[in-house]
Amino acid sequence: MARKHNKPDPLMPVYRRFDVAFERGEGAYLFDVKGARYLDFASGIAVTALGHSHPHLVKALNEQGAKLWHTSNLFQIPLQEKLAERLTEATFADNVFFTNSGVEAIECALKLARKYHHAKGDEKRYRVITFINAFHGRSLAAIAASGKEKLIRGFGPMPDWFDFVPFIDIDALKTVIGDETAAILIEPVQGEGGILPAKKEQLQRLREIADEHGLLLIFDEIQCGMGRSGKLFAHEWAGVTPDIMAVAKGIGGGFPIGACLARASVGEALSAGSHGTTYGGNPLAMAVGNAVLDVILEEGFLDHVQEITKTLMTGLNKLKQRYPGLITDVRGLGLMIGVECSVKIRPLIARGLELGLVLTPSGENILRLLPPLIIEDSHISEALEKLDRIFAEVKLKRARTKG
Ligand SMILES: *Cc1c(COP(=O)(O)O)cnc(C)c1O
């Protein structure tokens, strides 16, 4: 939007936004203020997992919206208990703390790791091992956990209780474990780091190492969880469970919800007054969270995600064959897919918007595909056609500049 002269932008300039404003959404489609239609293969970065305006979610939000929004965690919140019960039933966890965002779930996980060791009389354990190129959110602790220059520049000095190892270098990891190590924090699929799924054996090794050394294993499933991988949580593919898990994004389907899940022995290290939140788990959020879970846990839903993933991957691999040297890799887990390119992808994303396809970047040269989990074959054909056109144009342009 054009701005008046000498009037400063009322928003802090932390985003370089694409030139489009969406006005409404329906299923896998978004519509801009001019009425143009876009196929949404970004889902607001893995958030609108059930697409836009899902009738079951809209109904839950409207009904609760007319009844009660917020009370405070000083009082009973039956919908919160219900969602916690359902999440613990479906996972390794025994208890849940609800937040409003991913980073708060990470913060809770990190605090919990310390409190757990403290409660065991092992206060000296406070350090956390994380992985290079990780992303855990934007709080001071979370940017310190990523260690990425781009995230931390100008915000130092950083908390210095993280130890970094390459994703996933088990030998390097063993060398940094010490008496002060409390936990290992990892994304089972690195999201911002380039859509890198951890191998099954690597997650299994991490579990073994954590057990050997009395460390807590924390999974950040904020992006890869809630059905995106084709299972409710990505770690289920590896057959290992964490001690603590951070969840957000898809769990609210667009309503800001996060959650920190833990085993009983870990979660019970907290006590009344030791942690808290004003908004977290309020009735409005919990009504939507329960509605999202209704859909994801419906029989056949995750099977659909697995099936449709195969169709999309087959199509993308064909595209890769058609554009060798331009598409250098296609990888991912479930509907969290990275298409690595040998060119900068920002212009490709801009072109996608012109053609009515919404994509999101991961780094400088990886197209990140995060379609809603409800997509059908027709959406995949449409996306592949548009991607084909984008790559054909890039190829042509390249040939011209070379010739
Ligand atoms: C998005 C994300 C976060 C941060 O979540 P916010 O809701 O933005 O605070 C943390 N970890 C991962 C893996 C993410 O994808």
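A quick note: this is a predicted structure, and the numbers were derived from the prediction, not measured. (Residues numbered from 1 in each chain as written. Predicted model: local features only at pLDDT ≥ 70, side-chain atom pairs only at ≥ 80, totals over all residues. Heavy atoms only, no water.)

Draft legend 1. Structural detail: the pattern of salt bridges. Under the defined criterion, the tally for this structure stands at 21 salt bridges. Residue Arg-322 is joined to Asp-388 by a salt bridge in which the shortest nitrogen-to-oxygen separation is 2.7 Å. Pair noted here: Arg-322 is in helix 11 (residues 301-322) and Asp-388 is in helix 13 (residues 377-402), with a separation of 66 residues, a long-range link. The exposure class assigned to Arg-322 is partly exposed, which follows from its relative accessible area of 43%. Owing to a relative accessible area of 22%, Asp-388 belongs among the partly exposed residues under this scheme. Across the pair Glu-354 and Arg-351 runs a salt bridge, and its minimum N-O distance is 2.6 Å. Separated by 3 residues within a single helix, Glu-354 and Arg-351 lie in helix 12 (residues 346-355), roughly one turn from each other. Here Glu-354 falls in the exposed class, since its relative accessible area comes to 60%. (Salt bridge = Lys/Arg side-chain N within 4 Å of Asp/Glu carboxyl O. Helix = DSSP H or I, 4+ residues; strand = E, 2+ residues; numbered from the N terminus. Buried < 20%, exposed > 50% of the residue type's maximum accessible area, 1.4 Å probe, protein only.)

Draft legend 2. How the structure looks around the site of the ligand. If you check the shell around the ligand, you find Ser-101, Gly-102, Val-103, Phe-135, His-136, Gly-137, Glu-187, Asp-220, Ile-222, Gln-223 and Lys-249 and nothing else. One of the backbone nitrogen or oxygen atoms of Gly-102 is found 2.8 Å away from an oxygen atom of the ligand. Measuring from an oxygen atom of the ligand, one finds a backbone N or O atom of Val-103 at 2.8 Å. Considering the ligand on its own, with 380 Å² of exposed area, one finds that the protein chains cover 82% of that surface. Residue composition of the shell around the ligand, by class: 3 nonpolar, 5 polar and 3 charged. (Near = heavy atom within 4 Å. Polar contact = N/O pair within 3.5 Å; in protein donor to acceptor, adjacent residues only side chain to side chain. Areas by Shrake-Rupley, 256 points an atom, 1.4 Å probe, with all protein chains shown as cover. Nonpolar A, V, L, I, M, F, W, Y, C, P; charged D, E, K, R; others polar.)

Draft legend 3. Structural view of the pairing of strand 10 (residues 216-220). The buried fraction of strand 10 amounts to 5 of the 5 residues, a majority that puts the element mostly inside the structure. Of the two faces of strand 10, the one holding Leu-216, Ile-218 and Asp-220 and the one holding Leu-217 and Phe-219 are both buried throughout. Judged from the 4 bridges that link them, strand 7 (residues 181-186) and strand 10 form a sheet pairing that is parallel. Residue pairing for strand 10: Leu-185 is matched across the bridge by Ile-218. Across 3 bridges, the pairing between strand 10 and strand 11 (residues 244-247) is parallel. Across the sheet, residue Asp-220 finds its bridge partner in strand 11, namely Ala-246. (Pairing = 2+ DSSP bridges.)

Draft legend 4. Inspection of the nonpolar core at higher detail. Ranked by internal contacts, the top residues of the largest apolar core, which has 87 residues, are Leu-316, Leu-367 and Phe-391. Looking at this core, you find at least three residues from each of domain 1 (22-40 + 300-402) and domain 2 (55-296). Ignoring anything within four residues of it in the chain, the contact list for Leu-316 reads Val-330, Ile-337, Val-339, Leu-369, Leu-384 and Leu-387. Residues Ala-109, Tyr-116, Val-128 and Ala-246 belong to the second largest nonpolar core, which totals 28 residues. (Core = buried A, V, L, I, M, F, W, Y, C linked by side-chain atoms within 4.5 Å. Domains from an automatic or database assignment. Contact = heavy atoms within 4.5 Å.)

Draft legend 5. Local environment of the sheet that holds strand 13 (residues 327-333). What the 4 strands build is an open sheet, ordered 13-14-17-16; its pairing is antiparallel. Here the strands that pair on one side only, and so sit at the sheet edges, are strand 13 and strand 16 (360-362). Averaged over neighbouring strand pairs, the angle between their axes works out to 30° when direction is ignored. Sheet topology note: the strand 14 (residues 336-341)/strand 17 (residues 366-369) ladder contains 4 bridges and is antiparallel. Bridge pairing links Glu-340 to Ile-366 in strand 17. This element, helix 11, spans strand 13, strand 14 and strand 17 of the sheet and lies at about 165° to strand 13. (Axes fitted to C-alpha atoms, helices over the stretch in contact; angles between N-to-C directions.)

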